[in-house]
Structure formats: C-alpha cells, structure tokens
Amino acid sequence: MTSFHTRKLALLLLSASAAILSSCVMPDDTSSTAKEDATAAAARKEMVGLSEADVRMCAGFPTATADVGKSGQIWTYQRVVQRGNLNIVVPTVAIGPVPALGGSVNVAPGGYCNTQIRMVDGHVAEVAYAGDNNLPNNRDALCVSTVDACVAYARQYHPSRAIGRTR
C-alpha cells in the first residue's frame, strides 16, 4: 500500500471516528425530550403535609436551611452524584499535508441535585429540585436518592395522602 493510500485510509478512519463520537453527545438540557422521574414527581405531591420530624426521619438532616419570613423555611438537601464517567480520546494525528485530527469526548459527567423543601408551620408545603440533575431519559432523576425514602414513608405512615391509593 502506498503512503498516499495509507494517509487517505487514516483520514477516513479518523473522520468516521469523529462522526461516531459526535453522535454520542447528549444535549445539556433534556427537559423537552425527557419525562420527569416518577419518584421525583410523586414526592412533589406525596410529601406535602409531612411534619419536620417526618422529613428528618426519611431524608435526614438538611444540608442548609433558610428562613424566608412569612413563607416559612426552605430546607436544602444537596447530593453530589458521581456517575460512571467515560472519556473517549482520539489521538491527534497529522499526516503530511493533512491537518491534525483528534480530540476527546466526555460522556455522562457527574451531576448534583439540590432538593428544596419549603416548610410552613412545621409541615412540607412544597418540594422543588435544582441543579444538574437530569439523566438522558429522566428529568430530576439524580434527586431521587433524597426523596425516595420520603415517598415510601408517606405511603406507609400517611396512606390517605398517597396518590391513587385508597384505604
């Protein structure tokens, strides 16, 4: 094989690799394509009415609290999630007059979730989520580890509040 054909083959392989890798990149904002995680959505409804003691039992003590006057208090639970990182590196190659090709792609970097719980008169009034907390197919999915025990707690100890459940 001549050196011209070798260069042409190398360029073709690098171009194909770059095209494949670029198709693996996920958009930063998946909110328009992904549905909210079922447990995170259930927590928005089923945790409402739980007492401060109930929330401490199921979620632990908050990372931070803020007094918001007549609007009560906001408890924040921050969770940093280390997702399985995958770094793909394509070596930079320059062959004669062909420009250098290469680079890297980082797939599924870590994320975090701030679960915000508004307490009014000692009871949950609202649950919201903030942060880099989406997965490709589920919004707010990285927040589930904070609220899943509270959803189960609410269903066990306050079954009349559970959505779609009857006594």
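Bear in mind that the values here come from a model prediction, so they are computed numbers and not experimental data.

Draft legend 1. Representation of the overall build of the protein chain within the structure. For the protein chain, the count of helices and strands is four helices and eight strands. Each of the 167 residues in the protein chain was classed as buried or not, and the buried ones make up 28%. For the protein chain, the exposed area adds up to about 10,200 Å²; of that, 56% sits on carbon and sulfur atoms.

Draft legend 2. Quick peek at the sheet that holds strand β7 (residues 123-130). Read from one edge to the other, the open sheet built from four strands follows the order β2-β3-β6-β7, with strand pairing classed as antiparallel. The strands lining the two open edges of the sheet, one partner per strand, are β2 (64-67) and β7. Neighbour-to-neighbour, the strand axes of this sheet turn through a mean angle of 20°, independent of strand direction. Taken together, the seven bridges between strand β6 (residues 111-120) and β7 define a ladder with antiparallel strand orientation. For Arg118, the partnering residue across the bridge sits in β7 and is Glu126. Sheet strands in contact with helix α3 (residues 52-59) are β3 (73-81), β6 and β7, and its direction is about 5° off that of β3. Strand contacts of helix α4 (residues 144-157): β3, β6 and β7, with the helix running at about 120° to β3, the strand carrying the most contacts.

Draft legend 3. Here's a closer look at the confidence of the model for the protein chain. On average, residues of the protein chain score 79 in pLDDT, and 60% of them are at 70 or above. Here helix α1 (residues 3-22) is the element of the protein chain with the lowest mean pLDDT, 59, and β7 is the one with the highest, 97.

Draft legend 4. Representation of the state of the cysteines. Enumeration according to the criterion identifies two disulfides in this entry. For Cys113, the disulfide goes to Cys143, at an S-S distance of 1.9 Å. Here the disulfide of Cys113 and Cys143 is right-handed, its torsion about the S-S bond being about 105°. Here Cys113, found in strand β6, pairs with Cys143, found in the loop between β8 (138-139) and α4; they are 30 residues apart in sequence, far enough to count as distant.

Draft legend 5. The arrangement of the pattern of salt bridges in detail. As enumerated under the stated definition, the model contains four salt bridges in all. A salt bridge links Arg44 to Glu36; its shortest N-O distance comes to 2.9 Å. Judged by relative accessible area, Glu36 falls into the partly exposed class, the value being 22%. Arg44 is the partner of Asp140 in a salt bridge, and the nearest nitrogen-oxygen pair spans 3.3 Å. Placement of the pair is Asp140 in the loop between β8 and α4 and Arg44 in helix α2 (residues 38-46), with a sequence separation of 96 residues.

Draft legend 6. Region of the structure containing the nonpolar core. Formed by 23 residues in total, the largest nonpolar core has its most connected members in Met47, Leu50, Val55, Ile117, Val124 and Tyr129. Of all elements in the fold, only α2, α3, β3, β6, β7 and α4 reach the threshold of two or more residues within this core. A per-element tally of this core places α4 first, with six residues. Setting aside its immediate chain neighbours within four residues, Val124 contacts Met47, Val48, Gly49, Leu50, Val55, Ile117, Arg118 and Met119.

Calculation criteria
- Residues numbered from 1 in each chain as written.
- Predicted model: local features only at pLDDT ≥ 70, side-chain atom pairs only at ≥ 80, totals over all residues.
- Heavy atoms only, no water.
- Helix = DSSP H or I, 4+ residues; strand = E, 2+ residues; numbered from the N terminus.
- Buried < 20%, exposed > 50% of the residue type's maximum accessible area, 1.4 Å probe, protein only.
- Areas by Shrake-Rupley, 256 points an atom, 1.4 Å probe, with all protein chains shown as cover.
- Pairing = 2+ DSSP bridges.
- Axes fitted to C-alpha atoms, helices over the stretch in contact; angles between N-to-C directions.
- Contact = heavy atoms within 4.5 Å.
- pLDDT = per-residue confidence, 0-100.
- Disulfide = S-S within 2.5 Å.
- Salt bridge = Lys/Arg side-chain N within 4 Å of Asp/Glu carboxyl O.
- Core = buried A, V, L, I, M, F, W, Y, C linked by side-chain atoms within 4.5 Å.

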